[in-house]
Amino acid sequence: MKRLGIIGGMSWESTAVYYRYLNQQVKAAKGPLSSAPLLLWNMDFAPIARLQADGEWDDLTELMCEAARGLKAGGAEAVIIATNTMHLMADAVQAAADLPLIHIADATAGAIRGAGVKRPLLLATRFTMEKQFYRERVEQGADCSVVVPDEPHRTSVHNIIYNELVQGEIKPASRDTYLNIIKYYQREHGIDGVIFGCTEVGMLISQSQIDIPCFDTSAIHCEAAVAAILG
């Protein structure tokens, strides 16, 4: 197996989910005593979140590239960014690491295309919902039209992520908010799928609560990463 470098900590709550998924999938593929060969560069999310809010994307890119170079120096043979939003600088990170980067939007697009979904709703941070980098890549890869929530739904989705999920808080009222938003866009906008476009969203809602296909980007990303390291 190739050694996988993970740029994580954004938030550590979802990075812990990544760690579990990656090891579970390697165990399933290789046997009960097998685990994934991993290197983790765990970012401090507090300054990251401040820089995101201030729109300091150049500074964020340099921090991400520093992490990528550190993982390469540590012996990583492939890299993943364990968050959707920070794929904004995925190309720069890949260039800095000079290693294969398994892109979360490409993996998600493949799953959407395979399911035949054409109008998925994107639930994510404001940055991922409003910027083009993620939606366009998914649309091109899946031949679909991504639906982004209007206001005030967009703010509600974003605030629940930053005020609760990244801090490990799972609230039934927030789960109801997400589920009601999904039902509204089914009824009013004809969505036929839901992208959990922030790696924490799967901590709050799941496919069992929703009657259209859901795409948990954390799980999908880990599947793609394990396929890459297994060769």
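Analysis parameters
Residues numbered from 1 in each chain as written. Predicted model: local features only at pLDDT ≥ 70, side-chain atom pairs only at ≥ 80, totals over all residues. Heavy atoms only, no water. Pairing = 2+ DSSP bridges. Helix = DSSP H or I, 4+ residues; strand = E, 2+ residues; numbered from the N terminus. Axes fitted to C-alpha atoms, helices over the stretch in contact; angles between N-to-C directions. Contact = heavy atoms within 4.5 Å. Salt bridge = Lys/Arg side-chain N within 4 Å of Asp/Glu carboxyl O. Buried < 20%, exposed > 50% of the residue type's maximum accessible area, 1.4 Å probe, protein only. Phe/Tyr/Trp six-rings, centres within 6.5 Å; stacked < 30°, edge-to-face > 60°. Expected span 1.5 Å × (residues − 1). Arc of directions from axis to C-beta.

Participant: What is the right way to look at the sheet that holds strand β4 (residues 120-123) in this model?
Facilitator: By definition, the strands of a sheet pair up through backbone hydrogen bonds, in either a parallel or an antiparallel sense. As summarised here, the arrangement of the three strands in space is β4-β5-β6, forming an open sheet in which the pairing is parallel. What marks the edges here is a single partner per strand, and that holds for β4 and β6 (214-216). Pairwise comparison of adjacent strand axes, ignoring direction, gives a mean angle of 20° for this sheet. The pairing of strand β5 (residues 193-196) with β6 spans three bridges and is classified as parallel. Within β6, the position partnered with Phe-196 by the bridge is Asp-216. Contacts from helix α9 (residues 172-189) reach β4 and β5 within the one sheet, and its direction differs from that of β4 by about 150°.

Participant: Explain the pattern of salt bridges here, please?
Facilitator: Oppositely charged side chains can form a pair if their charged atoms are brought close together. In total, this model carries nine salt bridges according to the counting rule given. One salt bridge connects Arg-137 with Asp-106, and the closest N-O pair in it is separated by 2.7 Å. Linking Arg-137 in helix α7 (residues 132-142) with Asp-106 in helix α5 (residues 104-115), this pair joins segments that are 31 residues apart in sequence. By relative accessible area, Arg-137 is classed as partly exposed at 30%. Shared partners join several salt bridges into a network, and the residues in it are Arg-126, Glu-130, Glu-151 and Arg-154.

Participant: Any chance you could explain the packing of aromatic side chains here in plain terms?
Facilitator: The relative placement of two aromatic rings is captured by the distance of their centres and the angle of their planes. Under the definition given, this model contains five aromatic pairs. Here Trp-57 and Phe-127 contribute two aromatic rings whose centre-to-centre distance is 5.4 Å and whose plane-to-plane angle is 75°, an arrangement assigned as edge-to-face. Of this pair, Trp-57 sits in helix α3 (residues 57-73) while Phe-127 sits in helix α6 (residues 126-130), and the two are 70 residues apart along the sequence. Side by side, Trp-57 and Phe-127 carry an identical accessibility label, which is buried. An aromatic cluster is defined as three or more aromatic residues linked by ring pairs; in this entry it consists of Phe-45, Trp-57, Phe-127 and Tyr-162.

Participant: Where do I start with α9 in this structure?
Facilitator: Every α-helical turn comprises 3.6 residues, leaving residues that sit three or four positions apart pointing alike. Compared with the 26 Å implied by 1.5 Å per residue over 18 residues, the 25 Å span of α9 between its first and last C-alpha is a close match. Turning to α9, its buried residues number three or more, namely Ser-174, Tyr-178, Leu-179, Ile-181, Ile-182 and Tyr-185. Here the buried residues of α9 occupy an arc of 150° about the axis, which is enough to place them on one side. Counted as exposed and oriented over 90 degrees from the buried face of α9: Pro-172, Ala-173 and Arg-187. Packed against the buried residues of α9 are β4, α8 (153-163) and β5.

Participant: Can you help me understand the pairing of β4 in this one?
Facilitator: Within a regular strand, the side chains alternate between the two sheet faces. By the alternation rule, side chains of β4 split into Pro-120 and Leu-122 and Leu-121 and Leu-123, which are all buried. Looking at chain direction, β4 and β5 are connected through four bridges and run parallel. When the bridges of β5 are listed, Leu-121 appears paired with Val-194.

Participant: Please explain the sheet that holds strand β3 (residues 78-81) as it appears in this structure.
Facilitator: An order of β2-β1-β3 is seen for the three strands of this open sheet, with the pairing classed as parallel. With one partner strand each, in any of the chains shown, β2 (38-42) and β3 form the two edges of the open sheet. Here the average twist between neighbouring strands, direction ignored, is 20°. Of the strand pairs in this sheet, strand β1 (residues 4-8) and β3 are connected by four bridges, and their pairing is parallel. What sits directly across from Ile-7, in β3, is Ile-81. Across the face of the sheet, helix α1 (residues 12-30) comes into contact with β1, β2 and β3 while running at roughly 175° to β2.

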